[in-house]
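# Structure at a glance
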Amino acid sequence: MPKNSVNVDPAEIEKFSALASRWWDPTSEFKPLHAINPLRLGWIIEHAGALTDKKIVDVGCGGGILAEAMAKEGASVTGIDLAEKSLKVARLHSLDSGVPVSYKMLSAEALADEEPGQYDVVTCMEMLEHVPDPASIIHACAKLVKPNGWVFFSTLNRNPKSFLFAIVGAEYLLKLLPTGTHHYESFIKPSELSRSARNASLNTQDLRGLEYNPLTQHYRLSSDTSVNYLLATRKDS
């Protein structure tokens with residue numbers, strides 16, 4: 001990616017900006033994020049330990065669902081995003097809930113230049129599949145975290161099953177997500193994500209799948225990484 005360019009797809013920013021007012025409605029298009037948030041939070045704590053007094057940055061924070069949850073655990077949280085409308089919603093909700101989160105309209109690469117090695121934990125969830133250059137984000141996350149700190153990613157695998165479940169099923173049949181939320185060619189295989197993480201001096205610690213049962217309408221963590229998955233990595237000391 002050229003030095004002075006911004007790693008963002010304007011169409012993706014516009015897509016989430018149009019939905020911004022509904023970020024905190026648990027019955028809206030963001031219902032899946034509300035449903036999986038306790039699982040994501042628990043998985044982060046499982047690896048990084050109690051979040052009290054930890055300094056965390058949530059890359060691609062959107063409306064702040066995960067950022068607020070981590071702040072409630074006692075962490076000092078910064079949320080960054082390039083969708084201005086989503087950040088406005090996040091700030092307003094933080095004021096309303098009384099849960100303090102610092103939100104900035106800033107790219108991961110720019111923050112990494114400003115605050116290298118300043119964070120105990122970096123989270124980048126459901127974001128890599130929406131940017132032109134995922135490797136650049138991964139390197140920025142690695143630059144942001146302290147030695148021995150944790151970086152957590154979640155994204156979508158790329159295979160026929162993920163196309164069927166994440167796009168045909170989730171967007172067209174079950175209507176869990178708005179049509180056009182995802183683009184199959186932007187999905188990332190776990191091997192590709194792990195390789196990019198290694199290239200950024202991040203060592204894989206855990207790979208976990210995230211499954212949805214349409215009958216019970218519940219999500220659970222599992223060993224099946226064929227559709228949604230989470231990757232826990234740790235920075236070299």
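Refer to the preceding data block for the structure.
What counts and what doesn't
Residues numbered from 1 in each chain as written. Predicted model: local features only at pLDDT ≥ 70, side-chain atom pairs only at ≥ 80, totals over all residues. Heavy atoms only, no water. Phe/Tyr/Trp six-rings, centres within 6.5 Å; stacked < 30°, edge-to-face > 60°. Helix = DSSP H or I, 4+ residues; strand = E, 2+ residues; numbered from the N terminus. Buried < 20%, exposed > 50% of the residue type's maximum accessible area, 1.4 Å probe, protein only. Core = buried A, V, L, I, M, F, W, Y, C linked by side-chain atoms within 4.5 Å. Contact = heavy atoms within 4.5 Å. Salt bridge = Lys/Arg side-chain N within 4 Å of Asp/Glu carboxyl O.

What follows deals with the packing of aromatic side chains. Counted according to the given criterion, the structure contains 6 aromatic pairs. Both rings, one in Trp43 and one in Phe152, keep their centres 5.2 Å apart while their planes meet at 65°; by these two values the pair is edge-to-face. Taken together, the positions of Trp43 in helix α2 (residues 31-48) and Phe152 in strand β5 (residues 145-156) put the pair 109 residues apart, joining distant regions of the chain. Of the two residues, Trp43 and Phe152, neither departs from the other in class, the shared state being buried. Centroid distance Tyr184 to Phe187: 5.7 Å. Interplanar angle 65°. Geometry classified as edge-to-face.

On to the nonpolar core, then. By size, the foremost hydrophobic cluster in this structure holds 34 residues, and its most contacted members are Leu51, Met70, Val77 and Phe152. Within the residue set of this core, elements represented by two or more residues are α2, α3 (65-72), α4 (84-97), β4 (119-125), β5 and β8 (228-235). In contact with Phe152, other than residues within four places in its own chain, are Trp43, Ile44, His47, Ala48, Val121, Val122, Thr123, Cys124, Met125, Leu231 and Ala232. Counting residues in hydrophobic clusters, the runner-up holds 29 residues, among them Leu128, Ile138, Ile188 and Leu202.

Under the counting rule described, the total for this entry stands at 10 salt bridges. For Lys143, the salt bridge is made with Asp113, and the minimal N-O distance between the two is 2.7 Å. With Lys143 in helix α6 (residues 134-144) and Asp113 in helix α5 (residues 108-114), this pair connects stretches of sequence that are 30 residues apart. For Asp113, a relative accessible area of 48% translates into the label partly exposed. One salt bridge in this structure joins Asp206 and Arg208, with 2.7 Å as the shortest N-O distance.

Read these as geometric descriptors, not functional statements.
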